Amino acid sequence: MPDENAAAVAESEPPLGRLLVVDDEPAILDTVGRFLRFIGYEVRTAATVKEALAEARDHLPELILLDIMLPDGDGIEVMRRLRADGLPHAVVFLTARDTRKDLVKALAAGGDDYVTKPFGLDEVAARIGAVLRRTRRPEHESSVLRVADLELDPATHSVRRGGTAIGLSPTEFRLLRYLMLHSGRIVPRAQLLEHVWSYDFNGDDTVVATYISYLRRKLDALGPPLIHTQRGIGYAIREPGC
C-alpha cells in the first residue's frame, strides 16, 4: 500500500469523479470504498435500495457501482427509478457468477457495464474509468437547467434567479430539479412523491404542497411566479405568461 505522504498528495488534488457504491456486504463497501477513495475518487456508500435512492438524489454521483441483489429490492429497480428522475448516472453492476440471467436483464435495462464477484480492485477501477470516459459530457456541453431567468446546476448543486443565488434544502433542490426537467408540463402529486421523495414514502401528500410553498417563497421574491398549480392534479413550472 502506498505511503501516507502519497495519500496526502492525492487528497489535495481534485477528485477523479463522484461515485456511489451500493452493496449489502459490509466488507465490500469498506474495501472498495477505501480503495476508490485512495486512488482519487469521492465515494459515498449505501447498503439498501432506500439508502441508494436517497444518496443518489442528494449527492448526484457520476457513476453508481451497484449490486443487483439487495435486501429490500434489486439494483435494476434502483437504476430505473433514478433514470425516471432524469438523473443520468452511469451504472456498473456487481453480480455473482450464478446470476447471469439477472445480469443480461440489467444490461438490457440500460446498465453501462458489469463486474462479476469475486473481483479484483484494479478491474473495478479500470471499468469505472472506462465507463466515465464514455459517458461524461464534453466540457463545452452544459447540464444546467433553465426556465426563464431561473438556473439550476446539478454539478454544483446551485440555483440562481436573475443572477442571485438561492439557498435550497436537499429536498427543495430535488423538487425544483424534477419540475424543471418536466418544464411546461403538469406533474401529478403522486409522481412527485415517488420520484422526489423515497419510492416507499408513506406520508400524506400534503408534504408536496408544503415544499411547493417553500420554493415559491424563495423564487417569487426575485421575480414573477414560475410554479403553477393545477388544482386536484399537480404542479408545473413554466415561463411567465405561458
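Residues numbered from 1 in each chain as written. Predicted model: local features only at pLDDT ≥ 70, side-chain atom pairs only at ≥ 80, totals over all residues. Heavy atoms only, no water.

Asker: What exactly am I supposed to notice about the side chain of aspartate 153 here?
Answerer: By secondary structure assignment, the location of aspartate 153 is in strand 9 (residues 150-153). Of the side chains bearing the opposite charge, arginine 146 lies closest to the buried aspartate 153, which forms no salt bridge; the N-O distance is 7.8 Å. Those residues in contact with aspartate 153 that lie beyond four places of it in its chain are Ser143, Val144, Ser158 and Phe173. (Helix = DSSP H or I, 4+ residues; strand = E, 2+ residues; numbered from the N terminus. Buried < 20%, exposed > 50% of the residue type's maximum accessible area, 1.4 Å probe, protein only. Lys, Arg positive; Asp, Glu negative; His and termini not counted. Salt bridge = Lys/Arg side-chain N within 4 Å of Asp/Glu carboxyl O. Contact = heavy atoms within 4.5 Å.)

Asker: What is the right way to read the packing of helix 7 (residues 170-181) against helix 9 (residues 206-220) from this model?
Answerer: Packed helix pairs are characterised by how far apart their axes lie and by the angle those axes make with each other. Close contact between helix 7 and helix 9 brings their axes to 10 Å; oriented N to C, the two are set at 85 degrees. With respect to their mutual orientation, helix 7 and helix 9 come out roughly perpendicular. Where helix 7 approaches helix 9, its residues Thr171, Glu172, Leu175, Leu176 and Leu179 are matched on the opposing element by Tyr211, Ile212, Tyr214, Leu215, Lys218 and Leu219. Here the residues of the contact of helix 7 with helix 9 sort into eight nonpolar, one polar and two charged. (Axes fitted to C-alpha atoms, helices over the stretch in contact; angles between N-to-C directions. Parallel < 35°, antiparallel > 145°, perpendicular 65-115°, else oblique. Nonpolar A, V, L, I, M, F, W, Y, C, P; charged D, E, K, R; others polar.)

Asker: For this particular structure, what's the right way to read the confidence of the model for the chain?
Answerer: Parts of the prediction with low pLDDT should not have their coordinates interpreted in detail. For the chain, the average pLDDT comes to 84, and 86% of its residues sit at 70 or higher. Confidence drops under a pLDDT of 50 for residues 1-12, and excluding neighbours within four residues, the segment shows four contacts in the predicted structure. (pLDDT = per-residue confidence, 0-100.)

Asker: Please clarify how the pairing of strand 3 (residues 63-67) should be interpreted in this entry.
Answerer: Regular strands show a simple pattern: their side chains alternate between the two faces of the sheet. Burial analysis of strand 3 places five of its five residues in the buried class, the great majority of the element. Side chains Leu63, Leu65 and Asp67 of strand 3 all project onto a buried face; the interleaved residues Ile64 and Leu66 project onto the opposite face, where all are buried too. Taken together, the four bridges between strand 1 (residues 18-22) and strand 3 define a ladder with parallel strand orientation. From the neighbouring strand, leucine 20 faces strand 3, where its bridge partner is isoleucine 64. Pairing of strand 3 with strand 6 (residues 90-96) involves five bridges; the strand directions are parallel. Residue pairing across strands places aspartate 67 opposite leucine 94, the latter belonging to strand 6. (Pairing = 2+ DSSP bridges.)

Asker: What's the story with unusual backbone geometry in this structure? I'm lost.
Answerer: In terms of backbone geometry, most residues other than glycine have negative phi values and most peptide bonds are trans. For the peptide bond that leads from lysine 117 to proline 118, omega is -5 degrees, which places it in the cis range. Within the secondary structure, proline 118 is located in the loop between strand 7 (113-117) and helix 6 (121-135). The residue alanine 148 is not glycine, and still its phi comes out positive at about 55 degrees. Summarising the element assignment, alanine 148 is placed in the loop between strand 8 (145-147) and strand 9. One non-glycine residue, histidine 157, adopts positive backbone phi at about 55 degrees. Residue position: histidine 157 is located in the loop between strand 9 and strand 10 (158-161).

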